[in-house]
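Chain residues, written in single-letter form:
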Amino acid sequence: NDDAWIRGAANAQLSADVAIRNLTVQENGILDLSSYSLQIEGKYVQNEGTLRVQLGGTAAGIQYEQMLVEQGASLSGKLEVQWLDSSDSEYLPTAGDAFDVIVSGDEISGQFSDVLLPELSEGLFWTVGYTDFYVRLQVMATLPGDFNFDLRVDQDDLAIWKDSFDSDAGADAD
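Residues numbered from 1 in each chain as written. Predicted model: local features only at pLDDT ≥ 70, side-chain atom pairs only at ≥ 80, totals over all residues. Heavy atoms only, no water.

A. Expanded view of the overall build of the chain. Scanning the chain from N- to C-terminus turns up 1 helix and 15 strands. Counting every position in the chain, which comprises 174 residues, the buried fraction comes to 39%. Considering only contacts within the chain whose residues lie at least 6 apart along the sequence, 52% involve residues at least 24 apart. Carbon and sulfur atoms make up 46% of the accessible area of the chain, which amounts to about 9,400 Å² in all. (Helix = DSSP H or I, 4+ residues; strand = E, 2+ residues; numbered from the N terminus. Buried < 20%, exposed > 50% of the residue type's maximum accessible area, 1.4 Å probe, protein only. Contact = heavy atoms within 4.5 Å. Areas by Shrake-Rupley, 256 points an atom, 1.4 Å probe, with all protein chains shown as cover.)

B. Representation of the packing of aromatic side chains within the structure. If you walk through the whole model with that rule in mind, you get 6 aromatic pairs. On the basis of an interplanar angle of 65° and a centroid distance of 6.0 Å, the ring pair of Trp83 and Tyr91 is categorised as edge-to-face. Ring geometry for Tyr91 and Phe99: centres 6.3 Å apart, planes at 90°, overall edge-to-face. One aromatic cluster in this structure is built from Tyr64, Trp83, Tyr91, Phe99 and Trp126. (Phe/Tyr/Trp six-rings, centres within 6.5 Å; stacked < 30°, edge-to-face > 60°.)

C. Representation of unusual backbone geometry. Despite not being glycine, Glu27 shows a phi value in the positive range, around 55°. You can see Glu27 is positioned in the loop between strand 3 (20–26) and strand 4 (30–32). Looking at Glu27, the relative accessible area reads 46%, which means it is partly exposed. Phi is positive for Glu48, which is not a glycine, with a value near 60°. Tracing the backbone through its elements, the reader meets Glu48 in the loop between strand 6 (44–47) and strand 7 (50–55).

D. Main features of the nonpolar core. Counting residues in hydrophobic clusters, the biggest one holds 32 residues, and the most contacted among them are Leu31, Tyr44, Leu51, Met67, Phe99 and Ile102. If we skip the residues at most four places from it in the chain, Tyr44 touches Leu23, Val25, Leu31, Leu51, Met67, Val69, Gly72, Ala73, Ser74 and Leu75. (Core = buried A, V, L, I, M, F, W, Y, C linked by side-chain atoms within 4.5 Å.)

E. Focus on a nonpolar patch on the surface. A contiguous nonpolar patch, built from Leu143, Leu151 and Val153 and spanning about 240 Å² of accessible area, is present on the exposed surface. Assignment of secondary structure puts Leu151 in the loop between strand 15 (134–141) and helix 1 (155–163). (Patch = residues over 30% accessible without salt bridge, like charges linked within 9 Å, V, L, I, M, F, W, Y side chains within 5 Å. Salt bridge = Lys/Arg side-chain N within 4 Å of Asp/Glu carboxyl O.)

F. Representation of the environment of Arg7. For Arg7, the location among the structural elements is in the loop between strand 1 (2–6) and strand 2 (11–13). Sequence spacing of Arg7 and Gln26 is 19 residues, and the spatial spacing of their C-alpha atoms is 4.9 Å.

G. A look at the pattern of salt bridges. Counting across every chain of the model gives 4 salt bridges. The partner of Arg52 in a salt bridge is Glu80, and the shortest N-O contact between them spans 3.1 Å. Note that Arg52 is positioned in strand 7 and Glu80 in strand 10 (residues 78–83), a separation of 28 residues in sequence. You can call Glu80 buried: its relative accessible area is 16%. In this structure, Arg136 and Asp100 form a salt bridge, with 2.6 Å as the shortest nitrogen-oxygen distance.

H. Spatial organisation of the side chain of Asp97. Note on placement: Asp97 falls in the loop between strand 10 and strand 11 (98–104). Buried charged residue Asp97 carries no salt bridge. Nearest counter-charge: Arg136, at 11 Å. A polar contact of 2.4 Å, which involves the side chain of Asp97, links it to the side chain of Tyr91. Within polar-contact distance, the side chain of Asp97 engages the backbone nitrogen of Thr94 at 3.0 Å. When neighbours within four sequence positions are excluded, Asp97 is seen to be in contact with Thr58, Tyr91, Leu137, Gln138 and Val139. (Lys, Arg positive; Asp, Glu negative; His and termini not counted. Polar contact = N/O pair within 3.5 Å; in protein donor to acceptor, adjacent residues only side chain to side chain.)

I. Seen up close, the side chain of Glu65. As for its position among the elements, Glu65 is in the loop between strand 7 and strand 8 (66–69). Although buried, Glu65 forms no salt bridge, and the nearest oppositely charged side chain, Arg52, lies 8.3 Å from it. Polar contacts involving the side chain of Glu65 include one to the main-chain amide nitrogen of Gln54, which spans 2.8 Å.

The following block contains the structure:
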């Protein structure tokens, strides 16, 4: 069980059978979770690097890649999410689908400064949630009239709707 660092222009794909005590991704390093489930016995630290995760269904560690961290995580840098390229099935997410891409037995601090997410079908959008113990991606359905995607239809949405009136022939207010 050793500590590992990914830095500079390094791109690492780690398999599930690698025992890692602590893992640090820094500078322009890229960690590509190609093993579906990566377990880190210690702490995960990401300083301006990239964590790359693939999704192909809602079963953690089987259909989507997940990092399990025993002693907490410190996050910054980029999260890059891609659809799993598989000829076995074409996964089409629906509202309510959730993906806990990082799960920790201790506190997770910080947030990704940049999150790149794949496109969803019309009427769906992504949320990224951070708690003390997990980072969750969730697919949500848009509400009619919720122009700022805050899951409420209120005066803020009315203002956006009014501002778009006569601005574009294809706008919602026209």
